[in-house]
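Chains, contacts and geometry: an overview
Each chain, letter by letter, is given below.
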Amino acid sequence: MTRRRKTGWVIAAVVLTLAAHFGGLRFNYSRSMPRGLYWLTDRNFTVGDLVAYELPAFDLAVERGYTPGVILKRVVAGAGDTVSINRRGVFVSGQLLPHSVPRDADGAGRLLPRIELDGDRLRAGDVLLLGDTDKSYDSRYFGIVPARRIVARAIPLWLFDD
């Protein structure tokens, strides 16, 4: 392949990547949610939906390099739901959620913050977010979050297994 042709392919790849990004396509490489390609749509979400959540700039996940600042998580509780988080896991309206036991440390052995909630009722505009695995960085470590930081609903387009 000639140098000119290689340059053309690189330019095409960059243009397609930018077009996909600004068109709402995102690739999730984190193992806290299924890895693959997602389409980020509107902000109309309900409990059970996957969403893209913008972490605050000072968040532990950003500091430790877990993620670039927007994470995919599942909304597990919303306004009016009662939530508890303790050593046994996350409970929503009394039901223990799967894969929700908080870990003491991350994969590098660094301590994770401990959030304790005891029957807190979520107010309008608040949500609780969890990943689909026990290794997820989610509300077990940053607590109840404002729904206004949700940037989009995430729809899986193409997922792949490990």
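Notes on the structure follow. Numbers given for residues are sequential positions, taken from 1 along each chain in its written order. Local features in this predicted model are restricted to residues of pLDDT 70 or higher, and side-chain atom pairs are both shown and tallied only at a pLDDT of 80 or more, whereas totals for entire chains, interfaces and linings draw on every residue. In computing side-chain values, all of the structure's heavy atoms are included and hydrogens and water are not.

**Some words on the environment of Val76**
Secondary structure follows DSSP: runs of H or I at least 4 residues long count as helices, runs of E at least 2 residues long count as strands, and numbering of each begins at the N terminus. By the element assignment, Val76 lies in strand 4 (residues 70-77). For each residue, the accessible area found with a 1.4 Å probe, counting protein chains only, is set against the maximum for its type, and the residue is called buried under 20%, exposed over 50%, and partly exposed in between. On the accessibility criterion, Val76 (16% relative accessible area) is buried. For the pair Val76 and Thr46, spaced 30 residues apart in sequence, the C-alpha separation works out to 9.0 Å.

**Things to note about the sheet that holds strand 4**
Spatial strand order, 1-2-11-3-4-9-10: 7 strands in an open sheet with antiparallel pairing. Both edges of this open sheet fall to strand 1 (25-28) and strand 10 (145-146), since each of them pairs with a single strand only. Here 3 bridges tie strand 3 (residues 50-54) to strand 11 (residues 150-159), and the two strands are oriented antiparallel to one another. Counterpart to Tyr53 in the pairing with strand 11 is Ile150. Here the rule is simple: two strands pair whenever DSSP picks up at least two bridges between them.

**Some points on the pairing of strand 2 (residues 36-40)**
By the bridge criterion, 4 bridges tie strand 1 to strand 2 in an arrangement that is antiparallel. Paired with Arg26 across the strands is Tyr38, a residue of strand 2. Taken together, the 5 bridges between strand 2 and strand 11 define a ladder with antiparallel strand orientation. Bridge pairing in strand 11 links Leu37 to Trp158.

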